[in-house]
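# Residue-level structural notes
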Amino acid sequence: MIDIHTHILPGLDDGAQTWEDALDMARAAVAEGIDTVIATPHHANGAYSNEAEAIRRRAEQFRERLAEEGIPLRVECGQEIRVHDDLLDAWQRGELLSLAGSDFVLLEMPTGRIPSGMADLIHELKIMGKRPIIAHPERNSEVLRYPERLSQLVEVGAYAQVTTHSLLGLFGKKAEESAWSLCRAGLIHIVSSDAHHVERRGFRLQEAYELISSKLGEKFKENFRQNAASVLYNRPLNESVVFEKSVNIWGKIAGFLRKS
Ligand code: FE
């Protein structure tokens with residue numbers, strides 16, 4: 001399996017703190033059947049600033065440690081980039097990283113809202129040949145209230161990644177319901193762990209895929225698995241599968257989430 005969003009590189013953000021933490025996470029990933037992770041440290045989120053070069057250096061050190069320990073995990077570089085005004089200029093300055101050198105870029109919105117310029121930013125990134133992926137929209141409170149607004153961003157060309165822990169109910173009922181509703185509506189393209197710590201916030205990717213398969217069907221699971229590989233190899237993503245077609249799906253989803 002391939003996990004495109006992880007905080008496995010040590011000492012850069014609120015993920016792994018020490019080399020031992022990072023190696024423990026790597027062992028856990030391999031034990032679960034994950035062979036490749038993209039390391040995506042937080043960047044520009046107000047708490048952490050991790051520019052491209054620092055991430056590349058730490059990943060190189062990590063690969064050496066993995067080789068010494070005999071842990072068969074492939075580690076690629078990425079970045080979880082908080083949406084900010086300077087983002088496009090930061091690209092030009094070479095401070096940002098796509099996922100594993102592909103055209104895919106992992107964007108994080110603030111948790112409380114969708115930034116006002118989000119659709120324009122996605123549009124601009126598309127013009128630059130990038131393929132923006134919105135990290136865990138199911139945890140964004142504006143998406144919770146108005147899921148149609150995520151749909152608008154997907155229409156402009158964004159993709160969306162749901163987090164395993166949301167699907168498994170570990171971030172509470174609201175995130176769980178939102179995660180499944182967005183999957184059913186065809187607004188989710190990729191599943192990833194956003195793993196931070198081996199016990200407190202591990203991978204659980206296999207578990208999430210199994211649940212997707214049992215709740216939504218094998219086709220959903222396969223779609224998501226293929227898309228994770230497509231990010232890694234810079235191929236176009238599969239069209240999303242829509243589980244439940246309804247003329248008023250947004251009203252249904254929003255109504256349900258507001259109640260819960
Ligand atoms: Fe993250």
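Relevant structure appears above.
Okay, so let's go over this structure. (Residues numbered from 1 in each chain as written. Predicted model: local features only at pLDDT ≥ 70, side-chain atom pairs only at ≥ 80, totals over all residues. Heavy atoms only, no water.)

### Overview of the side chain of histidine 43
With respect to the helices, strands and loops of the structure, histidine 43 is situated in strand E3 (residues 42-43). Excluding its chain neighbours within four sequence positions, the residues that come into contact with histidine 43 are Tyr48, Ser49, Asn50, Glu51, Gln79, Glu80, Ile81, Arg82 and Leu96. (Helix = DSSP H or I, 4+ residues; strand = E, 2+ residues; numbered from the N terminus. Contact = heavy atoms within 4.5 Å.)

### Describing the coordination of the iron ion
Summarising the metal site, the iron ion is bound by the protein donors His5 (NE2), His7 (NE2), Glu80 (OE) and Asp194 (OD), whose distances to it range over 2.1 to 2.2 Å. One way to put it: the 4 donor atoms around the iron ion meet at angles of 81 to 165°, and that makes the site irregular. Each donor residue of the iron ion lies on the same chain, and together they follow the pattern H-x1-H-x72-E-x113-D. Residue histidine 5 is located in strand E1 (residues 2-6), and its partner aspartate 194 is located in the loop between strand E9 (190-192) and helix H9 (205-216); the two are separated by 189 residues in the primary sequence. Here aspartate 194 falls in the buried class, since its relative accessible area comes to 2%. (Donors = N, O, S within 2.8 Å, 3.2 Å for Na, K, Ca; no water. Tetrahedral: all angles 85-135°; square planar, octahedral: opposite > 155°, others 65-115°. Buried < 20%, exposed > 50% of the residue type's maximum accessible area, 1.4 Å probe, protein only.)

### Here we look at the pattern of salt bridges
Within the structure shown, the criterion is met by 16 salt bridges. The closest approach of N and O atoms between glutamate 69 and arginine 27, which form a salt bridge, is 3.3 Å. Taken together, the residues span a long stretch of sequence, with glutamate 69 in helix H2 (residues 52-69) and arginine 27 in helix H1 (residues 19-32) at a distance of 42 residues. What makes arginine 27 partly exposed here is its relative accessible area of 34%. Close ionic contact of glutamate 76 with arginine 74 constitutes a salt bridge, the shortest N to O distance being 2.9 Å. Put simply, Glu20, Asp24, Arg27 and Glu69 are held in one network by salt bridges that share partners. (Salt bridge = Lys/Arg side-chain N within 4 Å of Asp/Glu carboxyl O.)

### Comments concerning the packing of aromatic side chains
Tallying each qualifying case throughout the model produces 4 aromatic pairs. Taken together, a centroid distance of 6.0 Å and an interplanar angle of 55° make the contact between phenylalanine 104 and tyrosine 159 tilted. With phenylalanine 104 in strand E6 (residues 104-108) and tyrosine 159 in strand E8 (residues 159-163), this pair connects stretches of sequence that are 55 residues apart. By relative accessible area, tyrosine 159 is classed as buried at 16%. (Phe/Tyr/Trp six-rings, centres within 6.5 Å; stacked < 30°, edge-to-face > 60°.)

### Remarks on helix H10 (residues 218-232)
Over its 15 residues, H10 runs 22 Å from end to end, which matches the ideal 21 Å to within 8%, given 1.5 Å per residue. Inspection of H10 places Phe220, Lys221, Asn223, Phe224, Asn227, Ala228, Ala229, Ser230, Val231 and Leu232 among the buried residues, and these make up the whole buried set. Within two residues after H10, asparagine 234 carries a phi angle of roughly 55°, on the positive side. (Expected span 1.5 Å × (residues − 1).)

### With respect to the environment of asparagine 238
Mapped onto the fold, asparagine 238 is located in the loop between H10 and helix H11 (249-259). Judged by relative accessible area, which is 26%, asparagine 238 ranks as partly exposed. With 190 residues separating them in the primary sequence, asparagine 238 and tyrosine 48 have C-alpha atoms 33 Å apart. Excluding residues within four positions of it along the chain, asparagine 238 makes contact with Asn223, Gln226 and Asn227. At 3.0 Å, the side chain of asparagine 238 and the side chain of asparagine 223 are in polar contact. (Polar contact = N/O pair within 3.5 Å; in protein donor to acceptor, adjacent residues only side chain to side chain.)

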